[in-house]
Amino acid sequence: MRLTTLFILLLPLFAGASNHTDSPLALMTDSQPMPDDFKNYFYHSEIPVLVYLNDKLLFEGDITMTEQGQVTLMRVTNFDSTHYQKEEIRRWEKQLTQGIVLGKKQNNHPLGLMAAEYSLDASALKLYSNNYDKEKTKSRYFDVPTDTAAGLIINNDINYSGGQNSSHSSRFNSSWTSSLLGWSQKLSFQSVAYEANRADKNNFNLYEFYTQKEW
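Predicted model only: the values in this text are computed from it and were never measured. (Residues numbered from 1 in each chain as written. Predicted model: local features only at pLDDT ≥ 70, side-chain atom pairs only at ≥ 80, totals over all residues. Heavy atoms only, no water.)

Caption draft 1: Focus on the overall build of the chain. Helix and strand counts for the chain stand at four helices and eleven strands. Counting across all 215 residues of the chain, residues that qualify as buried make up 26%. Within the chain, residue pairs in contact and separated by at least 24 positions form 39% of the contacts whose partners lie at least 6 positions apart. Element-wise, carbon and sulfur atoms account for 53% of the exposed surface of the chain, whose accessible area totals about 15,700 Å². (Helix = DSSP H or I, 4+ residues; strand = E, 2+ residues; numbered from the N terminus. Buried < 20%, exposed > 50% of the residue type's maximum accessible area, 1.4 Å probe, protein only. Contact = heavy atoms within 4.5 Å. Areas by Shrake-Rupley, 256 points an atom, 1.4 Å probe, with all protein chains shown as cover.)

Caption draft 2: The arrangement of the pairing of strand S2 (residues 56-65) in detail. Judged by how many residues are buried, S2 sits mostly within the fold: seven of ten residues are covered. Bridge analysis of strand S1 (residues 47-53) against S2 gives seven bridges, and the strand direction is antiparallel. Its bridge partner lying in S2, Pro48 is registered against Asp62. Adjacent in sequence and paired antiparallel, S1 and S2 are bridged by two residues, among which Asn54 carries a positive phi angle near 55°. From the end of S2 to the start of strand S3 (residues 70-78), which pair antiparallel, there are four residues, and Gly69 there has a positive phi angle of about 85°. (Pairing = 2+ DSSP bridges.)

Caption draft 3: The arrangement of the sheet that holds S1 in detail. The strand order across the open sheet built from seven strands is S4-S3-S2-S1-S7-S6-S5, with neighbouring strands paired in mixed fashion. Each end of this open sheet is capped by a strand with a single partner; those strands are strand S4 (100-101) and strand S5 (103-104). Bridge analysis of strand S6 (residues 113-119) against strand S7 (residues 124-129) gives six bridges, and the strand direction is antiparallel. Across the sheet, residue Glu117 finds its bridge partner in S7, namely Lys126. Where helix H3 (residues 86-98) meets the sheet, it contacts S1, S2, S3, S4, S6 and S7, and its direction lies at approximately 140° from that of S3. (Axes fitted to C-alpha atoms, helices over the stretch in contact; angles between N-to-C directions.)

Caption draft 4: How the structure looks around the packing of aromatic side chains. Applying the stated criterion to the full structure yields four aromatic pairs. Seen in terms of ring centroids, Phe42 and Tyr43 are 5.1 Å apart; in terms of plane orientation they differ by 85°. Their pairing is edge-to-face. Judged by its relative accessible area of 4%, Phe42 falls in the buried class. Taken together, the ring pairs connect Phe42, Tyr43 and Tyr118 into an aromatic cluster. (Phe/Tyr/Trp six-rings, centres within 6.5 Å; stacked < 30°, edge-to-face > 60°.)

Caption draft 5: The pattern of salt bridges, seen in detail. Throughout the structure, instances matching the rule amount to four salt bridges. The partner of Arg75 in a salt bridge is Glu46, and the shortest N-O contact between them spans 2.7 Å. In this pair, Arg75 sits in strand S3 while Glu46 sits in the loop between helix H2 (36-42) and S1, placing the two residues 29 residues apart along the sequence. Judged by relative accessible area, Arg75 falls into the partly exposed class, the value being 37%. Its relative accessible area of 38% is what places Glu46 among the partly exposed residues. Two residues, Glu88 and Arg91, come together in a salt bridge whose shortest N-O distance is 2.7 Å. With Glu88 and Arg91 both in helix H3 and three residues apart, the pair spans about one turn of that helix. On the basis of relative accessibility, which here comes to 40%, the residue Arg91 falls in the partly exposed class. The network of salt bridges with common partners includes Glu46, Asp62 and Arg75. (Salt bridge = Lys/Arg side-chain N within 4 Å of Asp/Glu carboxyl O.)

Caption draft 6: A nonpolar patch on the surface, seen in detail. There is a patch of nonpolar side chains on the surface, built from Leu152, Ile154 and Trp176 and spanning about 270 Å² of accessible area. Note on placement: Ile154 falls in strand S8 (residues 151-163). (Patch = residues over 30% accessible without salt bridge, like charges linked within 9 Å, V, L, I, M, F, W, Y side chains within 5 Å.)

Caption draft 7: Main features of unusual backbone geometry. Even without being a glycine, Asp55 presents a positive backbone phi close to 70°. Structurally, the position occupied by Asp55 is in the loop between S1 and S2. Classification of Asp55 by relative accessible area gives partly exposed; the value is 37%. Even without being glycine, Ser123 reaches a positive phi, approximately 50°.

As structure tokens, this is what we get:
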């Protein structure tokens, strides 16, 4: 009889743990138990958030969220500090206005959305698309303006040694770096002159000579 009573008492506890795992808090990056009073306010109010796309600010806005993790954008409030073009902002604004669900997505999402998370501490909605890796790679490089003026940098180094009763030798190192018509050029060489067995010798070494363009 005692075992039966104990089982009946523990059953609601296991059921409660299962429900907590399925709650939308499990989809938050900093999930912690919510007090009931705050939960009632949180799920029935507009929440100001920072919306990030692939870890870069997309815009600021107000959202609503249900206990099932359904997120709906009510309005965009600011995009002055965005890292994206207006066309991209409008695409995601339209999608979020229709609503999304937190968690991982299928590969056939129209905007390539792969996952969505909400951070309670930062009040941030984080979106990750299938362009995440591409944008991370691109961010490691700097874009050079296409209207950059042509230029040339020359670095020369001359060494000479010798005396009245000793052989003479000279070394000339030169490096040329230029930019022309959106292309960059590089030239690097060395010229050596010296005396050997009372005869003048000359050597020329070409180290670099190329032009390139980055896309």
